[in-house]
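Below are the chains, spelled out letter by letter.
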Amino acid sequence: MLTAMTLEYWNTLANQTLMVSSLLSGFSITVVANLLVADKKSKIMDSILKLATISAGCFLVSVFAMTQISMMTTAGGTLKITTTNDFLVPRVIGVSTFMIGLFSLSAILSLSGWVKSRRTGIFTTIVGIVTLLFIFSTMVRIHL
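Residues numbered from 1 in each chain as written. Predicted model: local features only at pLDDT ≥ 70, side-chain atom pairs only at ≥ 80, totals over all residues. Heavy atoms only, no water.

A. Up close: helix α1 (residues 7-37). With 31 residues, α1 should cover 45 Å at 1.5 Å per step; its first-to-last C-alpha distance of 44 Å lies within 8% of that length. Turning to α1, its buried residues number three or more, namely W10, N11, A14, T17, L18, S21, L24, S25, S28, V31, V32 and L35. On its buried face, α1 is in contact with α2 (43-73) and α3 (88-112). (Helix = DSSP H or I, 4+ residues; strand = E, 2+ residues; numbered from the N terminus. Expected span 1.5 Å × (residues − 1). Buried < 20%, exposed > 50% of the residue type's maximum accessible area, 1.4 Å probe, protein only. Contact = heavy atoms within 4.5 Å.)

The structure is reproduced here in structure tokens:
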């Protein structure tokens with residue numbers, strides 16, 4: 001049975017996503033800053049830099065989209081009655097950019113070991129894929 005989510009639930013969800021996105025965007029920005037000053041030049045390092053930039057940008061967009069939803073769903077926060085249709089655009093943008101950020105961050109984990117060696121690269125690729133699978137498994141309800 002499908003039920004509509006209440007504005008209170010959306011408020012809580014937006015606030016939690018806001019917190020996670022803020023932390024992950026800070027982490028991604030730190031990776032970007034460190035790679036910009038690194039002396040190593042390679043295709044893998046360039047790829048990691050690009051992915052970290054995508055990740056940071058996406059998480060930042062998610063932060064602002066979720067802030068808008070949080071403000072719209074906070075009791076007494078708006079002058080008009082709010083429905084879920086009123087924040088459709090920030091909801092789609094926020095969730096989409098959050099997911100792209102997660103994929104990018106997982107790809108960064110996966111590629112990071114290839115800078116050192118093939119063996120480490122294989123290990124970090126496995127860890128990155130398993131991490132992404134576990135994250136997604138906690139985002140959906142699985143009935144066993």
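B. The arrangement of the packing of α1 against α2 in detail. Packing of α1 against α2 brings their axes to within 7 Å, and their N-to-C directions diverge by 155°. Compared by their axis directions, α1 and α2 come out roughly antiparallel. Considering the relative orientation of α1 and α2, their crossing is left-handed. For the contact of α1 with α2, the per-class residue count stands at 20 nonpolar, 13 polar and no charged. (Axes fitted to C-alpha atoms, helices over the stretch in contact; angles between N-to-C directions. Parallel < 35°, antiparallel > 145°, perpendicular 65-115°, else oblique. Left-handed = near helix turned anticlockwise from the far one by under 90°. Nonpolar A, V, L, I, M, F, W, Y, C, P; charged D, E, K, R; others polar.)

C. Here's a closer look at the environment of V61. In this fold, V61 is placed in helix α2. For the pair V61 and S22, spaced 39 residues apart in sequence, the C-alpha separation works out to 9.9 Å. Those residues in contact with V61 that sit more than four places away from it in its chain are I93 and T97.

D. Expanded view of the packing of α3 against helix α4 (residues 118-139). Across the interface, α3 lies against α4 with an axial gap of 6 Å and an inter-helix angle of 155°. In this view, α3 runs roughly antiparallel relative to α4, as classed from their interaxial angle. The two elements α3 and α4 meet at a crossing, and its hand is right-handed. Facing F98, M99, L102, F103, S106, L109, S110 and S112 of α3, the residues of α4 in contact are G121, T124, T125, G128, I129, T131, L132, I135, F136 and M139. The residue inventory of the contact of α3 with α4, partitioned by class, reads ten nonpolar, eight polar and no charged.

E. Quick peek at the packing of aromatic side chains. Tallied over the full model, the rule gives three aromatic pairs. Judged by centre distance (5.6 Å) and plane angle (70°), the rings of W10 and F87 are edge-to-face. With a gap of 77 residues between them, W10 in helix α1 and F87 in the loop between α2 and α3 connect regions that are remote in the sequence. Centre to centre, the rings of F59 and F98 are 5.8 Å apart; their planes meet at 70°, and the pair counts as edge-to-face. Of this pair, F59 sits in helix α2 while F98 sits in helix α3; the two residues are 39 residues apart in sequence, bridging distant segments of the chain. Judged on exposure class, the residue F59 and its partner F98 are both buried. (Phe/Tyr/Trp six-rings, centres within 6.5 Å; stacked < 30°, edge-to-face > 60°.)

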